[in-house]
Amino acid sequence: MADTHPANVPAVQINGMNKFYGHFHALKNIQLTVHRGEKVVVCGPSGSGKSTMIRCINRLEEHNSGQITVLGTELNDDVASIDGIRREVGMVFQHFNLFPHMTVLENCVLAPMLVRKTPRAQAEAAAMRYLEKVRIPEQAQKYPGQLSGGQQQRVAIARSLCMEPEILLFDEPTSALDPEMISEVLDVMVHLATEGRTMICVTHEMGFARRVADRVIFMDAGEIVEEAPPETFFQSPSSERTKQFLSQVLGH
Amino acid sequence: MVSLLRQQKIRNILLQALFAGIVLLVVIGGWRNAQHALSSQNVVSGFGFLHKSTGWDVNFSLLPASPNDPYWWFFVIGIVNTLFLGILGLTLATFIGGLVGLFRTSSNDLLQLLGRIYVDFFRNIPLILQVFFWYSLVTNLPAPRNAMEFGPLTLSNRGVYMPALNVGGWHVAGAAVTLLLALALPLWLRTTRRLASPPEQRGALVWGVLGGGLLLAAAILLLGRAPGAALIDPPRLQGLNMRGGLRVSPEFTALLVAIGIYGGAYIGEIVRGGFKAVGKGQTEAAHSLGLSPWQSFSRIRLPLALRAMLPILANQYIWLIKATTLGIAVGFTDFFMIVAVTINQSGQTLEAIAILMVGFLAINLSIAAIFNRINRAIALKGNQLRS
Ligand SMILES: Nc1ncnc2c1ncn2[C@@H]1O[C@H](COP(=O)(O)OP(=O)(O)OP(=O)(O)O)[C@@H](O)[C@H]1O
Ligand SMILES: [Mg+2]
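Sequence positions are assigned chain by chain, starting from 1 and proceeding in written order. Following the order in which they are written, the chains are lettered starting with A and the ligands numbered starting with 1. Local features in a predicted model are, by the rule used here, given only for residues with pLDDT of at least 70; side-chain atom pairs are given and counted only at 80 or more, and totals for whole chains, interfaces and linings are based on all residues. Water and hydrogen atoms play no part in the side-chain values, which are based on all heavy atoms of the structure.

Visitor: Would you explain the UniProt feature "transmembrane region" (unreviewed entry) in chain B in this entry?
Guide: Residues and elements named next belong to chain B. UniProt positions are given in the numbering used here, feature names are shortened, and annotations may be inferred rather than shown by experiment. Residues given the UniProt feature "transmembrane region" (unreviewed entry) here are residues 12-31, 71-103, 124-143, 163-185, 205-232, 252-271, 317-340 and 352-371. Starting at the N terminus, helices and strands are each numbered in turn, a helix being any DSSP run of H or I of at least four residues and a strand any DSSP run of E of at least two. Between the end C-alpha atoms of residues 12-31 there is a gap of 29 Å, over a span that is 100% helix and 0% strand. The span residues 205-232 shows a helical share of 68% and a strand share of 4%, and its end C-alpha atoms are spaced 32 Å apart.

Visitor: Help me understand the domain arrangement of chain B in this model?
Guide: Interfaces are frequently sized by the accessible area removed from exposure as the parts join. Here the limits of each domain have been adopted from an automatic or database domain assignment. Taken domain by domain, chain B holds domain 1 (71-163 + 249-378) and domain 2 (165-233). Its C-alpha centre places domain 1 of chain B at a distance of 24 Å from the equivalent point of domain 2 of chain B.

Visitor: How should the interface of chain A and chain B be read in this particular structure?
Guide: Note on contacts: a residue pair qualifies if any of its non-hydrogen atoms lie within 4.5 Å across the two residues. Between chain A and chain B, the contact holds 33 residues from the first and 27 residues from the second. Carbon and sulfur atoms supply 57% of the area that chain A and chain B bury against each other, a total of about 2,700 Å² over both sides. Here's the idea: put two parts together, see how much 1.4 Å probe accessible area each one loses, and the total over both is what we call buried area. Together, Pro100, His101 and Leu114 of chain A form the three largest contributors to the area buried by chain A at its contact with chain B, with a combined 21%. The salt bridge definition used is simple: a Lys or Arg side-chain nitrogen within 4 Å of an Asp or Glu carboxyl oxygen. Counting the contacts that link chain A with chain B gives one salt bridge. Among the ionic pairs, Glu284 of chain B bridges to Arg55 of chain A, the shortest N-O distance being 2.6 Å. Here a polar contact is recorded for every N or O atom pair within 3.5 Å, except that within protein the pair must consist of a potential hydrogen donor and a potential acceptor, and residues adjacent in sequence are included only if both atoms are side-chain atoms. Counting every contact that joins chain A to chain B gives five residue pairs in polar contact (both at pLDDT 80 or more). Where the side of chain A that touches chain B is concerned, the elements lending two or more residues are β6 (89-92), α3 (104-115) and α5 (149-162) of chain A. For this classification, Asp, Glu, Lys and Arg are treated as charged, while Ala, Val, Leu, Ile, Met, Phe, Trp, Tyr, Cys and Pro are nonpolar and the rest, including Gly, are polar. Looking at the side of chain A that touches chain B residue by residue, the class counts come to 17 nonpolar, nine polar and seven charged.

Visitor: Please clarify how the sheet that holds strand β2 (residues 24-34) of chain A should be interpreted in this entry.
Guide: Hydrogen bonds along the backbone pair up the strands of a sheet, which may run parallel or antiparallel. All names here are of chain A. Two strands are said to pair when DSSP picks up at least two bridges between them. Reading across the sheet, the four strands line up as β2-β1-β4-β5 and stay open at both edges, with antiparallel pairing between neighbours. Edge positions in the sheet fall to β2 and β5 (73-74), since each has one partner strand and no second. Where strand β1 (residues 12-21) lies against strand β4 (residues 65-70), five bridges are found, and the strand directions are antiparallel. Counted as the bridge partner of Asn15 is Gln67 from β4. Axis lines are fitted through C-alpha atoms, for helices just across the contact stretch, and the angle between N-to-C directions can take any value from 0 to 180 degrees. Relative to β1, helix α1 (residues 50-57) is tilted by about 120°, and along the sheet it contacts β1, β2 and β4.

Visitor: Any chance you could explain the nonpolar core here in plain terms?
Guide: Most often, soluble globular proteins keep nonpolar side chains buried together rather than apart. Membership of the largest hydrophobic core comes to 107 residues, with the highest contact counts inside it found for Ile14 of chain A together with Phe75 and Leu291 of chain B. In contact with Leu291 of chain B, other than residues within four places in its own chain, are Leu110, Ala111, Leu114 and Val115 of chain A together with Ala286, Ser296 and Ile300 of chain B. By convention a nonpolar core is built from buried Ala, Val, Leu, Ile, Met, Phe, Trp, Tyr and Cys residues, the set being connected through side-chain atoms within 4.5 Å. In this scheme, a residue with accessible area under 20% of its type's maximum is buried, one over 50% is exposed, and one in between is partly exposed, where area comes from a 1.4 Å probe on protein chains only. Formed by 49 residues, the second largest nonpolar core is a distinct cluster that contains Leu98, Leu161, Ala193 and Phe234 of chain A.

Visitor: Quick question: what am I supposed to make of the UniProt feature "domain: ABC transporter" (unreviewed entry) in chain A here?
Guide: In this numbering, the UniProt entry assigns the feature "domain: ABC transporter" (unreviewed entry) to residues 12-246 of chain A. Between the C-alpha atoms that bound residues 12-246 of chain A there is a distance of 26 Å. The span itself is 40% helix and 26% strand.

Visitor: What am I meant to see in the packing of aromatic side chains here?
Guide: Put simply, two rings from Phe, Tyr or Trp (the six-membered ring, in Trp's case) pair if the centres are within 6.5 Å, and we call them stacked under 30 degrees between planes, edge-to-face over 60, tilted for the rest. For the coordinates displayed, the defined rule picks out 21 aromatic pairs over all chains. Ring geometry for Phe60 of chain B versus Phe332 of chain B: centroids 5.1 Å apart, planes at 55°, classification tilted. Of this pair, Phe60 of chain B sits in the loop between α2 (8-39) and α3 (71-105) while Phe332 of chain B sits in the loop between α11 (327-330) and α12 (335-346); the two residues are 272 residues apart in sequence, bridging distant segments of the chain. Residue Phe60 of chain B is classed as buried on the basis of its relative accessible area, which comes to 14%. Phe332 of chain B sits in the buried class, given a relative accessible area of 0%. Note on Trp72 of chain B and Trp73 of chain B: the rings are 5.8 Å apart at their centroids and 80° apart in plane angle, and the pair reads as edge-to-face. Here a set of aromatic residues connected by ring pairs shows up, and it is made of Phe49, Trp56, Tyr71 and Phe74 of chain B. Two limits define a charge over a ring: the Lys NZ or Arg CZ must be within 6 Å of the ring centre, and within 35 degrees of the ring normal. For Arg159 of chain A, the ring lying beneath its charged end belongs to Phe99 of chain A, and the centroid distance is 4.6 Å. The residue whose ring lies beneath Arg123 of chain B is Tyr266 of chain B, and the NZ or CZ to ring-centre distance is 5.8 Å.

Visitor: I keep staring at α12 of chain B and nothing clicks. Help me out?
Guide: For an α-helix the count is 3.6 residues per turn, leaving residues at separations of three or four pointing the same way. Residue and element names in this part refer to chain B. Counted at 1.5 Å a residue, the expected span for α12 with its 12 residues is 16 Å, and the 16 Å between its end C-alpha atoms agrees. Of the surrounding elements, those touching the buried residues of α12 are α3, α11 and α13 (349-378). Structurally, the start of α12 carries an N-cap: the backbone nitrogen of Phe336 is 3.2 Å from a side-chain oxygen of Asp334. Of the residues one or two after α12, Gly347 is the one with positive phi, at around 75°. Expected helix span is taken as 1.5 Å per residue step, with the number of steps being one fewer than the number of residues.

Structural data, given as structure tokens:
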């Protein structure tokens, strides 16, 4: 991680941000600051706007008003600033989105070679390091279609890490996985959380939130309803909607 | 015995044998019937006529042809003509189709509309009408004296004239093959996994083969150059007609343009479908990794779209090759027309039709085989349902 940003600049700062799909008000006046190195878990019922919010952070979605500033750079129509931000923000998707026509290794070295102009030998060495970190170096020459879901998701994490991003976004990384594969992915994420990278995770894995989150954010109907450290969030949530949601996901 | 019949493998073999036997019986029966009928009409059946000279001429040939040539040579000429028209037509159609498909998948509303109008218009007019249209357009162009000039092209009712190379035919053919190899070989070298080095490290080899091939092609052309004449021979008016240059007949022009434009409409739809089949997730992943629009197009969307297109594209190519038989509608001596004239002149209907069928089967099975190979080589590995 090239440490070019002063430590006091927040990783992500969102100010009065609104997002519409046609007439549908998907995100309402979002206010959020994530500091560098912070681990934030975002949860909330389906359709509450969690994905939309984190996809605005690397501009897979465009916001309609308000400001989003990532590592000091404001996101607007300026292509150069979008490219710069995408280089620093990695994303892991629910459905992995690996490139099926490339081997695991090729998936991992593609962006470093094309975007960062890293020489192949160096990019491959880094890729192997990250594949070891997610515990599948032996799958490097296989194709995504030849791996299990859990393995594919770990490759996707390694692929993001290869760009050495400051910030990692996760959009429900375990919800497309069979139960027995969830823990292998969560283990990797817990390990990553010890490394100082900023992480913003949309997930319903409350055990994960308890273990690694510095802050849990609860969204409902396009709004941030509650944000609190995990102990407070789980033991004494302030809003009725949070309590209701927690009783549903925690299963009692 | 009964338990033997229950075994899947043995049952399959028996069924196959039964089926093959029935087909054989039908063919032999039909052949004997036909021979009987023909001999009662005093037609000698068999392929002996292949060695007789035809006594008629062809209006277009890449190979030397005269009325003294035997029938078998005319069939060769016909196949070469069909392949020539087919390959040029497919190339043109693919080029147009690629463009139209990109228009239709672009985010620009005007380009989308243009692409849609193109497809809707040219796909819904029968090909034979389009052939007639272009043919009458070319034959109604002004006479050579008032010919229209489009850059290096001269358009007149005698056909389209373009500057020619003062080079012998065999040398041109040799240079063309070399050029093709010089373009195809680097593509293969760029992608194959048969070599030890990773594809990116073959840059020097790829450029070497490309450059060397181009130089070799140029050298072959220079070697075959007619002594004492200028290398390029432009068409020019002399008296009432054009002299020099390369004349492309109205028949060939009409067929080429019609197949290119009509095929382009269909291929445009195939290209569009191919790009639609690429998951949105892969494009988003490419963007989130910081790839530029061009990089995500050339490295992710295009390779994935091509894989989705190829099987349908092979069908379309086979279909378009068969469309060259419309040559007979305007009098272009493609394979089908030569067979038709042969039947008319020699009376060897069954034999000529058998040759026609075998010829087209060979062409189209070759196309299918080539595409199957490519498909197999680039097929996505593993189970694709997950992502
Ligand atoms: N491209 C789109 N066009 C129109 N509406 C959309 C679009 N994407 C999302 N929405 C709507 O915006 C709202 C928020 O969607 P979002 O995907 O952010 O929810 P989510 O909190 O991630 O839900 P889930 O837990 O199901 O993933 C939903 O009501 C959804 O229907
Ligand atoms: Mg979501």
